[in-house]
Amino acid sequence: MTRPRLNQEVAQLPPSGIREFFDLVTTVENVISLGVGEPDFATPWHVCDEVYDSLRHGFTSYTSNLGMIELRREISGLLRRLYGVEYNPEKEVLVTVGVSQGLDLTLRTILNRGDEVIIPDPCFVAYGPCVKLAGGVPVPAPMREEDQFKLRPEIVRSKITARTRALLIGFPNNPTGSVMTREELLALAEIAEEHDLLVISDEIYDRLTYAGSHRCFAGLPGMWERTVLLNGLSKAYAMTGWRIGYACAPPDIINSMMCIHSYTMMSAPTPSQVAATEAIRAGEPDVQRMKAEYDQRRRLLVKGLRETGLSCFEPLGAFYVFPSVRGTGLDCDTFARRLLQEERVAAVPGRVFGEAGEGYLRATYATSMANLKEALVRIERFVRSLERQR
Ligand SMILES: Cc1ncc(COP(=O)(O)O)c(C=O)c1O
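Residues numbered from 1 in each chain as written. Predicted model: local features only at pLDDT ≥ 70, side-chain atom pairs only at ≥ 80, totals over all residues. Heavy atoms only, no water.

Here the focus is the pairing of strand β8 (residues 245-248). Here is the key point about a regular strand: its side chains alternate between the two faces of the sheet. Of the two faces of β8, both are covered, the one formed by G245 and A247 as well as the one formed by Y246 and C248. Across 4 bridges, strand β2 (residues 93-96) lies against β8 in antiparallel orientation. Among the inter-strand pairings, T96 is bridged to a residue of β8, identified as G245. Judged from the 4 bridges that link them, strand β7 (residues 227-232) and β8 form a sheet pairing that is antiparallel. If you follow N231 over to β8, its bridge partner there is Y246. (Buried < 20%, exposed > 50% of the residue type's maximum accessible area, 1.4 Å probe, protein only. Helix = DSSP H or I, 4+ residues; strand = E, 2+ residues; numbered from the N terminus. Pairing = 2+ DSSP bridges.)

Shown next, in the form of structure tokens:
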């Protein structure tokens, strides 16, 4: 008798719905993709130049497990400048391999088997699986278009049990582009306080907000002690491939995360840490330039989608729109598959981000204006053809 070769938990993990959809996309030619959640800009040149220079000087060894102190100082300074939140670069900042690794380390550090973590629904596809891989149980808290896809405190409260350990939030939100104001976050902070929850706050889209300013969860009264702040360079600095993120938290948590990191990763890649240091030190004009361009595209896409007859909530952050396809009579999978096959436009069915994403489509505007304009022509043609068929 042979024993199963795979770990049970892993064997049961469903494949990412995004991956499955993109496997389908590769079977169609000349597709305009509004599917991929990454900047279409290249990393700013001065960042690459700094790395060439460091390589010429032989700067190719491991760094401290926590990450280069110069980078940790830059991160700490950035958070102070932007949000007035203080993290000691010596012991409260850990440089990670993207927010992805930061999330995994956080969950493995704080969860015991069976602990529940409340996550927004819809949300980034990795939240649920990462909670499960760390032995926890993800508990989705639905967000609705009527609430501008914000996480409502009464819905969070209704999900709390004796096993609830943490609240994992991510605003601006992927896939909806929704944001939360200080007052709305304060209502979640109150729940965290009341039930002694840790809050994992994934703020990877913090620099991409188009109305009002982002609020750092750890900066809310009483929240620093119970928050793990995750962020990274991927989105705002167009640096997805460099794989640099960071976690900021009280020293006991960072120390335990660093312990796992030291056994499983050693340190984030050194050239990428050099790149991240330069990006934070001198990259503010790049962030502002890209953000201004995203904002123009956002306006074009929301207006254009509304003109096709699809109802489209106005996203105020990240680089996604989340139009509803309910009025067309199709479910989101069918809509996305037919849009791809009939008009060669790829957008991700909302259902892959959670049950509450059914009836919606995630389209990203991290692509050129020309692509967006052509995509809108094709989407309009598709919606009209559906109307004629009904
Ligand atoms: C909400 C959210 N968190 C985390 C990540 C992962 O980012 P990183 O490249 O830093 O691992 C993404 C990437 O799409 C994301 O959308």
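Applying the stated criterion across every chain, the model contains 15 aromatic pairs. Where Y205 meets F319, the ring centres are 5.5 Å apart and the plane angle is 80 degrees; that geometry is what we call edge-to-face. Highlighted residues: Y205 in the loop between β6 (198-202) and β7 and F319 in the loop between α11 (284-308) and β9 (320-321), separated in sequence by 114 residues. Taking the relative accessible area as the measure of exposure, F319 reaches 0% and is therefore buried. Ring centres of F319 and Y320 lie 5.2 Å apart, and the angle between their planes is 70 degrees; on these two criteria the pair is classed as edge-to-face. According to the relative accessible area criterion, Y320 is buried, its value standing at 0%. One aromatic cluster is present, built from ring pairs that chain together F41, Y205, Y294, F319 and Y320. (Phe/Tyr/Trp six-rings, centres within 6.5 Å; stacked < 30°, edge-to-face > 60°.)

A word on the site of the ligand. Around the ligand, the neighbouring residues are G98, V99, S100, F124, Y127, N174, D202, I204, Y205, S234, K235 and R243. A distance of 2.5 Å separates an oxygen atom of the ligand from a polar side-chain atom of S100. Here an oxygen atom of the ligand sits 2.7 Å away from a polar atom, N or O, in the side chain of R243. At 3 residues, helix α5 (residues 98-110) tops the list of elements feeding residues into the shell around the ligand. Across the shell around the ligand, the residue classes tally to 5 nonpolar, 4 polar and 3 charged. (Near = heavy atom within 4 Å. Polar contact = N/O pair within 3.5 Å; in protein donor to acceptor, adjacent residues only side chain to side chain. Nonpolar A, V, L, I, M, F, W, Y, C, P; charged D, E, K, R; others polar.)

Another aspect to go through is the sheet that holds β9. Read across the sheet, 3 strands follow the order β9-β12-β11 without closing on themselves; strand pairing throughout is antiparallel. Looking along the sheet, the strands with just one partner apiece sit at the ends: β9 and β11 (348-349). One ladder, built from 2 bridges, connects β11 with strand β12 (residues 361-364); its direction is antiparallel. Each residue of the ladder has a partner; that of P349, found in β12, is L361. Here helix α12 (residues 332-343) sits on the sheet and contacts β11 and β12; the angle it forms with β12, its principal contact strand, is near 45 degrees. (Contact = heavy atoms within 4.5 Å. Axes fitted to C-alpha atoms, helices over the stretch in contact; angles between N-to-C directions.)

The next point concerns empty space enclosed by the protein. Under the counting rule described, the total for this entry stands at 3 cavities of 30 Å³ or more. Size it by volume and the largest cavity reaches roughly 60 Å³. Looking at the largest cavity, the residues that line it are L78, I204, D206, R207, N231, G232, L233, A236, Y237, Y246 and I280. Its residues placed into classes, the lining of the largest cavity shows 7 nonpolar, 2 polar and 2 charged. The space that makes up the second largest cavity amounts to roughly 40 Å³. Lining the second largest cavity are I169, F171, L185, S201, E203, H214, R215 and F217. (1 Å grid on protein atoms, 1.4 Å probe; cavity = no way out; pocket = protein on both sides within 12 Å on 5 of 7 lines; lining within 4 Å. Points joined across faces, edges and corners; volume = space filled by probe spheres on them.)

It is worth spelling out the state of the cysteines at this point. Among covalent bonds in proteins, the disulfide is the one between the sulfur atoms of two cysteines. Enumeration according to the criterion identifies 0 disulfides in this entry. There is no disulfide at C130, and the cysteine sulfur nearest it, in C123, is 10 Å away. C332 carries a free sulfur, and the closest cysteine sulfur to it, the one in C123, is 15 Å from it. For C332, a relative accessible area of 0% puts it in the buried group. (Disulfide = S-S within 2.5 Å.)

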